[in-house]
Amino acid sequence: MPEAVLAAGRAVGGLLAPGTRVAEPFPLADVVLTGGVFTRARDQMLHLARDYPVDRLLAVFRANAGLDTRGALPPGGWEDFGHPDEDAWGPDDYPGREAAPTANLLRGHYAGHFLSMLSLAAGGADDAVVRAELRAKVDDLVEGLREVQETLAATGRYSHPGFLAAYGEWQFSRLEGLAPYGEIWAPYYTCHKIMAGLLDAHRHTGSATALDVAAAMGRWVHGRLSVLPAEHRAQMWALYIAGEAGGMNEVLCDLAVLTGDEVFVEAARLFDLDTLLDLAAAGRDELDGMHANQHAATLLGYLALADLTGENRYLDAVVNLWDMLVPGRTYAHGGSGENELWGPAGAVAGDIGNRNAETCVTYNMLKIARALFERTGEARFADYYERAVTNQVLGSRRDVGSDDSPEVTYMFPVHPGALREYDNVGTCCGGTGLENHVKYQDSVYFRSPAGVSGSAGSPGSAGGAPAGAADGDVRTVWVNLYVASTASWPEAGVRLVQETAYPLEGASRIRVDATGDLELRLRVPGWVGSSPVSDPQVTGRNHRSDTGVPGFSVRVDGEVQSVRADGGYVSLRRDWRPGTVVEIDMPLTLREVPAPDDTSVVSLELGPTVLLARSAATTWLPVEAATWRRLDGTLDAPLTSADDGTWRLGDLVLEPTWSGSDARYHMYLRRADARIAFAGTDPAADSGVPNPARQDGRTFLDVLWSDGGFADRSAFVEAVLSATHEFVDLGLLSATEARQVLMAAARSDVGRGADGAGGRLSDGDGGPGADGDPRSADEAALLSRAPTPTHEGSAPRVEIVAAAAPGVTGWYLRPAELTVSARADVGEPAVEVRVGDEPWRPAGQAPLVLSDGVHTVTARAVDEAGRERRVVREVSVDTRPPRTTVTTKRLGPRGVEINLAAADDVSGVDSIRWKGPDTFWATFAEPFSRALSDVPQVIEFAATDRAGNQEPVRTLVLPPADADR
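Residues numbered from 1 in each chain as written. Predicted model: local features only at pLDDT ≥ 70, side-chain atom pairs only at ≥ 80, totals over all residues. Heavy atoms only, no water.

J.: Please set out the overall build of the chain residue by residue, giving values where relevant.
T.: Each helix and strand counted, the chain has 23 helices and 39 strands in total. Out of the 965 residues in the chain, the part that is buried amounts to 58%. The contacts in the chain between residues at least 6 apart in sequence include a share of 70% that link residues at least 24 apart. Working note: accessible area of the chain is about 36,100 Å², and carbon and sulfur atoms make up 49% of it. (Helix = DSSP H or I, 4+ residues; strand = E, 2+ residues; numbered from the N terminus. Buried < 20%, exposed > 50% of the residue type's maximum accessible area, 1.4 Å probe, protein only. Contact = heavy atoms within 4.5 Å. Areas by Shrake-Rupley, 256 points an atom, 1.4 Å probe, with all protein chains shown as cover.)

J.: Provide a residue-level description of the sheet that holds strand β3 (residues 445-447), including the pertinent values.
T.: With respect to topology, 6 strands assemble into an open sheet ordered β1-β3-β4-β8-β12-β11, the strand pairing being mixed. Both outer strands of the open sheet, β1 (24-25) and β11 (565-566), are each paired with one neighbouring strand and no more. The pairing of β11 with strand β12 (residues 569-576) spans 2 bridges and is antiparallel. Looking at the pairing, Asp566 lines up with Tyr569 of β12. Here helix α16 (residues 359-376) sits on the sheet and contacts β1, β3, β4 (475-479) and β12; the angle it forms with β3, its principal contact strand, is near 35°. In the packing of helix α17 (residues 379-395) onto the sheet, the strands contacted are β8 (516-523) and β12, and the crossing angle to β8 comes to about 60°. (Pairing = 2+ DSSP bridges. Axes fitted to C-alpha atoms, helices over the stretch in contact; angles between N-to-C directions.)

J.: Can you break down the packing of aromatic side chains residue by residue, with the values?
T.: In this structure the tally under the stated criterion is 34 aromatic pairs. Relative to Trp170, the ring of Tyr94 lies with its centre 4.2 Å away and its plane at 10°, an arrangement referred to as stacked. Residue Tyr94 is located in the loop between α3 (54-65) and α4 (109-124), and its partner Trp170 is located in helix α6 (residues 170-176); the two are separated by 76 residues in the primary sequence. The pair formed by Tyr94 and Trp170 is uniform in burial state, with each residue classed as buried. Ring-pair connections join several aromatic residues into one group, and the members of that group are Tyr158, Phe163, Tyr167, Phe172, Tyr188, Trp220, Trp237 and Phe271. Residue placement shows Arg313 over the ring face of Tyr314; its charged tip is 5.2 Å from the ring centre. Sitting over the face of the ring of Trp620, Arg670 holds its NZ or CZ atom 4.6 Å from the ring centroid. (Phe/Tyr/Trp six-rings, centres within 6.5 Å; stacked < 30°, edge-to-face > 60°. Lys NZ or Arg CZ within 6 Å of the ring centre and 35° of its normal.)

J.: Please provide a residue-by-residue account of the pattern of salt bridges, values included.
T.: Across all of its chains, the model carries 63 salt bridges by this definition. Arg70 is the partner of Asp55 in a salt bridge, and the nearest nitrogen-oxygen pair spans 3.9 Å. Separated by 15 residues along the polypeptide, Asp55 in helix α3 and Arg70 in the loop between α3 and α4 bring together distant segments of the chain. Judged by its relative accessible area of 25%, Asp55 falls in the partly exposed class. A relative accessible area of 52% means that Arg70 is categorised as exposed. Several salt bridges converge on common partners, so that one network encompasses Arg21, Asp307, Arg370, Glu374, Arg375, Lys439 and Asp442. (Salt bridge = Lys/Arg side-chain N within 4 Å of Asp/Glu carboxyl O.)

J.: Go over helix α15 (residues 312-325), please, and point to the residues and values.
T.: The terminal C-alpha atoms of α15 lie 20 Å apart, and with 14 residues this matches the ideal 20 Å at 1.5 Å per residue to within 8%. In terms of burial, α15 is a largely internal element, 11 of the 14 residues being buried. All of the buried residues along α15 are Tyr314, Leu315, Asp316, Ala317, Val318, Val319, Asn320, Leu321, Trp322, Met324 and Leu325. (Expected span 1.5 Å × (residues − 1).)

J.: How would you sum up the state of the cysteines? Please name residues and give values.
T.: Taken as a whole and assessed by the stated rule, the structure comprises 0 disulfides. Unpaired in this structure, Cys360 has its nearest cysteine sulfur neighbour in Cys429, at a distance of 3.3 Å. Residue class for Cys360 comes out buried when judged on its relative accessible area of 0%. (Disulfide = S-S within 2.5 Å.)

J.: Describe in detail unusual backbone geometry, supporting the description with residues and values.
T.: In this model, Val326 is joined to Pro327 through a cis peptide bond whose omega is 5°. In this fold, Pro327 is placed in the loop between α15 and α16. The step from Tyr502 to Pro503 runs through a cis peptide bond, and the omega angle for that step is 0°. For Pro503, the location among the structural elements is in the loop between β6 (494-499) and β7 (507-513). Backbone geometry places Asn104, a non-glycine residue, at a positive phi of 55°.

J.: Just give me the short version of the pairing of strand β38 (residues 937-945), but keep the residues and values in it.
T.: Most of β38 sits out of view: 7 of its 9 residues are buried. Summarising the sheet, strand β35 (residues 909-915) and β38 pair through 6 bridges and their orientation is antiparallel. Considered in β38, the bridge of Val909 is made with Asp945. As defined by bridge partners, β38 adjoins strand β39 (residues 954-958) across 5 bridges and the pair is classed as antiparallel. Of the residues in β39, the one forming a bridge with Gln937 is Leu958.

J.: Lay out the nonpolar core with the relevant residues and their values.
T.: Tyr188, Leu522, Phe552 and Val582 are the most contacted members of the largest nonpolar core, which has 203 residues in total. When neighbours within four sequence positions are excluded, Val582 is seen to be in contact with Ser508, Arg509, Ile510, Val512, Leu520, Leu522, Val554, Arg555, Val556, Leu572 and Trp576. With 32 residues, the next largest nonpolar core counts Leu631, Phe716, Val728 and Leu783 among its residues. (Core = buried A, V, L, I, M, F, W, Y, C linked by side-chain atoms within 4.5 Å.)

J.: Hey, could you go over the sheet that holds strand β5 (residues 485-489) for me, with residue numbers and the actual values?
T.: The strand order β2-β5-β6-β7-β13-β9-β10 describes an open sheet built from 7 strands, whose pairing is antiparallel. With one partner strand each, in any of the chains shown, β2 (31-33) and β10 (559-560) form the two edges of the open sheet. The pairing of strand β9 (residues 553-556) with strand β13 (residues 580-585) spans 4 bridges and is antiparallel. Bridging from a neighbouring strand, Ser553 pairs with Asp585 of β13.

J.: An account of a negative patch on the surface is requested, with residue identities and associated values reported.
T.: A contiguous patch of negative charge, built from Asp51, Asp403, Asp404 and Asp423, is present on the exposed surface. Tracing the chain through its elements places Asp423 in the loop between α17 and α18 (428-436). (Patch = residues over 30% accessible without salt bridge, like charges linked within 9 Å, V, L, I, M, F, W, Y side chains within 5 Å. Lys, Arg positive; Asp, Glu negative; His and termini not counted. Charge placed at Lys NZ, Arg CZ, Asp CG, Glu CD.)

J.: I'd like to hear about the environment of Gly708, residue by residue, with values.
T.: Within the secondary structure, Gly708 is located in the loop between α20 (700-704) and α21 (713-729). C-alpha separation for the pair Gly708 and Gly633, spaced 75 residues apart in sequence, amounts to 5.1 Å. Contacts of Gly708, omitting those with residues within four sequence positions, involve Asp632 and Gly633.

J.: Provide a residue-level description of the environment of Ser734, including the pertinent values.
T.: Within the fold, Ser734 resides in the loop between α21 and α22 (735-747). C-alpha separation for the pair Ser734 and Pro787, spaced 53 residues apart in sequence, amounts to 9.0 Å. Once residues within four sequence positions are removed from consideration, Ser734 is found in contact with Val728, Gly793 and Ser794.

J.: Break down the environment of Val477 for me, citing the residues and quoting the values.
T.: Looking at where Val477 falls in the secondary structure, it is placed in strand β4. Residue class for Val477 comes out buried when judged on its relative accessible area of 0%. Separated by 44 residues in the primary sequence, Val477 and Arg521 have C-alpha atoms spaced 6.1 Å apart. Excluding residues within four positions of it along the chain, Val477 makes contact with Phe26, Tyr445, Phe446, Arg447, Trp489, Val494, Leu496, Leu518, Glu519, Leu520 and Arg521.

J.: Before we move on, can you summarise the pairing of strand β28 (residues 830-835) with the specific residues and values?
T.: Burial along β28 is one-sided: Val831, Val833 and Val835 are buried, while Ala830, Glu832 and Arg834, pointing the other way, are not. Bridge count for β28 against strand β31 (residues 853-862) is 6 bridges, and the pairing is antiparallel. Bridged to Ala830 within β31 is Val862. Of the pairings in the sheet, the one linking β28 to strand β29 (residues 841-842) comprises 2 bridges and is antiparallel in character. Bridge pairing links Val833 to Arg841 in β29. The antiparallel pairing of β28 with β29 creates a hairpin that spans 5 residues between the two strands, and Gly836 there sits at a positive phi of about 65°.

J.: An account of the packing of helix α2 (residues 38-51) against α17 is requested, with residue identities and associated values reported.
T.: Where α2 contacts α17, the axes come no closer than 11 Å and their chain directions differ by 35°. Here α2 runs over α17; the crossing is left-handed. Between α2 and α17, the residues in contact are Phe38, Arg40 and Ala41 and Val389, Thr390 and Leu394, respectively. In terms of residue class, the contact of α2 with α17 is built from 4 nonpolar, 1 polar and 1 charged. (Left-handed = near helix turned anticlockwise from the far one by under 90°. Nonpolar A, V, L, I, M, F, W, Y, C, P; charged D, E, K, R; others polar.)

J.: So what about the packing of α16 against α17? Which residues, and what values?
T.: For the pair α16 and α17, the least separation of the axes is 9 Å and the interaxial angle reads 155°. Classed by the angle they form, the pair α16 and α17 counts as roughly antiparallel. Note that α16 runs across α17; the crossing there is left-handed. Two secondary-structure elements touch here, α16 through Thr359, Thr362, Met365, Leu366, Ala369, Arg370, Leu372, Phe373 and Thr376 and α17 through Phe381, Tyr384, Tyr385, Ala388, Val389, Gln392 and Val393. Counted by class, the contact of α16 with α17 contains 11 nonpolar, 4 polar and 1 charged residues. (Parallel < 35°, antiparallel > 145°, perpendicular 65-115°, else oblique.)

Written as structure tokens, this is what we have:
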């Protein structure tokens, strides 16, 4: 690119210097996956890439241009021909919403994604025959798009010969008229997907035609937008979905670099949403309620503009936005957003609805994480990448083969009893899903860019630099993902071969074929703990850490390396010889990870894998883990493997998020520790004392483990002591119960070594007791500081008991009856109950009867001393099935579009199924079309809610085709 365009990108300041790179990815062709769970989804998607006809992708474009569609049907779903009476209107001859029959207004985007998939797959294929086959398909698709672009230009109907779409230019004009979503559907979003596919074809297969077609589109974009006032463009980009522009700014920056034409930088800046940029650059969080994918996709373009203009505002805004999203708006599997919108800052448990985590958003967040890692080398971006790609993205591909469907998720929801929304032919997430699974190798390794040195002699290095090595010549390779693979860096004479069963193994073996000075940076994953789980089938080898990095050990040719982590990486810099073997141990641990806004809501995670609990229930599942918690918060749990790829943990059946299964699941569980107990072989580690809750709902154990774990045993016992004093002061524990809890903590194994010794307590000498048992000394030291009894007993016990159990979904399908009772140590307590925020009322003798709704029932009992205890129970009742509304729209003389919309304001709609002549019962996802025949047709349909109520089967009669229309 000309020096003038890049010069500004060397400016420094802000959080990091625009235009600089600390690391760069390896080309796709230079990294090959050689096994592991990622190859399953990759191979299934490669089958689709090789099998799917290019003519089907081009059908909507050819129809719009008046070309022969060659008898091909379009992909379907959002990617269909549109209304039979729709015209390819130019920018000024659209007849208006009331007179313009339209449909499938996003068509064309799916072909762009498919072109990206084909190009990425071709660029990364290690088989010459497959590579040639895929490149031929890329050429055919690019040539088809070129023909359509030239045909549209020849009509003279459009504003610029670069216009290319599968519909007329009128949508862009109506966007400029601030038309809402519904009349139009994100025209620049579609434009971006087509241009991105073309640029991928150029980058990964060398197609010069693809670059020419994309550049012509870019000049058309500049021509449309450059004449509009900035204030008007800002209104356009702020429109909900209608103004969604995908990554238009990114592809235009790419064109600037590839062509050297600065007009594309100017065009990219025309997509700036200054209100978001300025607020984000200033660190102000205004994301609540914003459409997640609409704005996440723009961040890569802002990073590119930072590089090309040197303006720190772009870079500062992106880094600040990242910090607003991760981790505070990020679910356990890496996704974000409820019903496509971002929720309040820090709300994870509080933002769990019925349609969380649009897969498109995570597709874009992975790209942003990768780009920020290139610029910073910070492990936090690689940690997010590992979490999201291993869990949401890999798990978004159903474990089936298909010749015509990507079989990927739209939403990967996180609510109790969720189901993944698979299939998605023609949808936005169907499109990004095409790309996700053919480029898993793109972020396994990174390397130092040309002309950029590694950090010679960095604090985490081992062995120092060889004599005479120049810092500017240091070759550096980052190992960011522990995935079975090979990486080749022929220009630097480096080759890595990584062997591992990740993510089912917490170990990896890397053969390094290199000569001379090389720095190898090994990421220490954020999930690494100090102790392995007990199932050797899951963990592989169980070595203790010998490196000073808890839970992470490194050997080079069998020799233990004394290194430490620096910025999340262990660095090995040495004079390498070909065939040197690096062995890494990072034993898998089972962790109970609380949501940031509600520590009672937890995910179970095994190393990098989030575990899903299989259950038909659609209400919260409980998990009791008190006796499994180690000092660092990990769980020493009886986790056992099953032959079907699941694990058993007590009554729970757990599967990895990346399984691609169809089972109903729970990503989050509700802590339900009934007693205050601690891990240990001594039965006395279970105090037997009920686990009381404060008025804010947080229990004793929630408070104790709120930070996830402790640095040493002394910190643990001090926290137990502090919590007992607090709960005694609140009247929730008696002094006697507090002593029982302290004795249990003293007798527990939490933080003890194999010999039973633990950290030194702040009172007492920490030595063995009279019986030689260090637990006795701990017990004596703790009891000497126990709360003194200021009153007899503790607050009353109170119970809420249901007359019957709910159904398998966890919902009551008839009114629920509850009885409230209490007992006090002294006298008779006053017992009250309330539902939700209603006023308190005496509990009485008659049962409390609850009708439809999700009810929070709180009972409280107060004794004569004024001590109060509360119990909260959530009760879900739904006694009525949903109701489906049907609307139809004629599509010419021989077609009809059917829209089934169901409503259930209690548990929510789970699915709508329909069937017609020659059609099996299908699960409804979007409006669907039916061809009319010469005789009436009967369509049957019924909706089911999440509680399990099913609507009676209803019918819709379609008339015969109208020969006169």
